[in-house]
Amino acid sequence: MLTFDLIRASVHPDGPIEDHGGDGPIPRTGYGDLRVAYLDALDLVEGGVDALAADVAAEDAVQAAVQRDLALDPNGERWSSSFAEPLAFAGGARQVVRQLEICSAAVAESAARTPADIPRFVCGLWPDPVPAARSFAAGDGVVVLVNTGLLAALRIVVQTAASSIRTLTGLPDRWVDGDLPLGYQYGAMSDLLERCRERRDLRAEPIQVSIHTGRADLFRRHAMLSAYCQVIAHELGHWARRRPGPDDTWLDDNPAFQRAARVTRADQWAAPIDEVDEVATSNSENHADAVACEIQTRPPLGPGYPSPSQVIGAMAPWALHSGLWWAEAAHTEDHLGWTHPYPELRLGLTGLRLGQPASELANLRASRPRPVASDPPARGTPADMAMKFQVWCEAMLDIARNREIALERGLEHRTSTLDRFAIELRRGLGELS
Ligand SMILES: [Zn+2]
């Protein structure tokens, strides 16, 4: 599995990190024309390149904090170089640019092994604290833009999850303080949500740093790699010319129906929402998620049956989305949008798609599924860990409490029809159980 090889290569590098030749925060890519399209997009924003340089430079502060904390450890000196490498995901301006390049290359290789027919692409950083990513077509290729804020936010979610393995492996009634005490886990996530909502730089003091070693660090690195790759793969999923169908088939995509929302800015949001727009954008997001999971299961990203770290990493972006969605629902009057499907659905489906053994996955996608085994998944398996991570997110990202507050206030005028159906279904199922 190359994923682990990539990490080991990062722990024991063959040579020094390549020099970017004064290129600063701009990734080098194999496609000159797409790189120009990316630079043009940056130029369209006043001060875009400077803002990007500043955002990327802030990563150096994170790396400095990691090195400062390492220096306090008796073994710190031994580890310091391995935490300065790109796949340590421990800050560093040059590293964050390199991470995106490494992850893009791995996603491209895995994507080429799916029947999705994904166009050539480049992936660049975008200077924005909002945890989001997007993409646009440039000629016959695609430019994927990943906000610097998203990478910083994912780092905090994943490092907190990696520090909480002992909590994560139990269920709430058995929760005891893990490697990180429960209060710290909850505090780290609350701080993250608050900073995201206030659009503050996540790297600002006090910088949240966790130093792990051994298995916990391998888990963290692998989950980070998986989180970045899931984001890139999801964006590419939007441009896939084929998508998964039933019984392991792949169908031609329907670009006329799956399209971006015609209305995208909050101030354009009108009631009632255009129904075709709502169904089309939600459909497009669901297909992009499904394609992303297919990419995750092909080498080098993964074998057919991913490990818990890969599954939890892939779920991390949707965990963050769910946390932010319910915080907004509970504590603001804002419309919650309709371009993205109900967040827990995406979180749960990603866990289900990646957490199941290949045979179960084929069954999920069969046009006539056989009855699913009612036994809970065996302890420590990817399916079990995916489920427990979801439970952990409900508590640590305040999803459960904010959902309760939000539903009490009523969300009728602030959500899409599809989200209202999902909420109703969830509530109905909750009453049944
Ligand atoms: Zn999307």
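Residues numbered from 1 in each chain as written. Predicted model: local features only at pLDDT ≥ 70, side-chain atom pairs only at ≥ 80, totals over all residues.

As annotated in an unreviewed UniProt entry, the protein carries the name IrrE N-terminal-like domain-containing protein and comes from Cellulomonas wangleii.

Novice: Could you give me a rundown of the pairing of strand β2 (residues 133–138), with the residues and numbers involved?
Specialist: Across six bridges, the pairing between β2 and strand β3 (residues 141–147) is antiparallel. Bridging from a neighbouring strand, Arg134 pairs with Leu145 of β3. Linkage of β2 to β3, two consecutive antiparallel strands, is achieved through a turn of two residues, within which Gly139 is found at a positive phi near 60°. (Pairing = 2+ DSSP bridges. Helix = DSSP H or I, 4+ residues; strand = E, 2+ residues; numbered from the N terminus.)

Novice: Describe the sheet that holds strand β1 (residues 121–126), naming the residues involved and giving the relevant values.
Specialist: What the three strands build is an open sheet, ordered β1-β3-β2; its pairing is mixed. The two strands at the open ends of the sheet, each matched to only one other strand, are β1 and β2. The sheet shows a mean angle of 25° between the axes of neighbouring strands, direction not considered. Two strands pair when backbone bridges link them, and β1 and β3 are joined in this way by six bridges, in the parallel orientation. Residue pairing for β3: Gly124 is matched across the bridge by Leu145. Each of β1, β2 and β3 touches helix α9 (residues 214–237); the most contacted strand, β3, lies at about 140° to it. (Axes fitted to C-alpha atoms, helices over the stretch in contact; angles between N-to-C directions. Contact = placed C-beta atoms within 7 Å.)

Novice: Give a detailed account of unusual backbone geometry, specifying residues and quantitative values.
Specialist: Of note, the bond from Pro299 into Pro300 is cis; its omega dihedral lies within 30 degrees of zero at 10°. On the secondary structure map, Pro300 appears in the loop between α10 (275–296) and α11 (308–331). Positive phi values are uncommon outside glycine, yet Arg199 reaches one of about 55°. By the element assignment, Arg199 lies in the loop between α8 (182–197) and α9. Classification of Arg199 by C-beta neighbours within 10 Å gives exposed; the count is 11. You will see that Asp398, though not glycine, has its phi angle at about 60°, which is positive. By the element assignment, Asp398 lies in the loop between α14 (382–396) and α15 (399–409). (Buried ≥ 20, exposed ≤ 12 C-beta atoms within 10 Å, placed from the backbone.)

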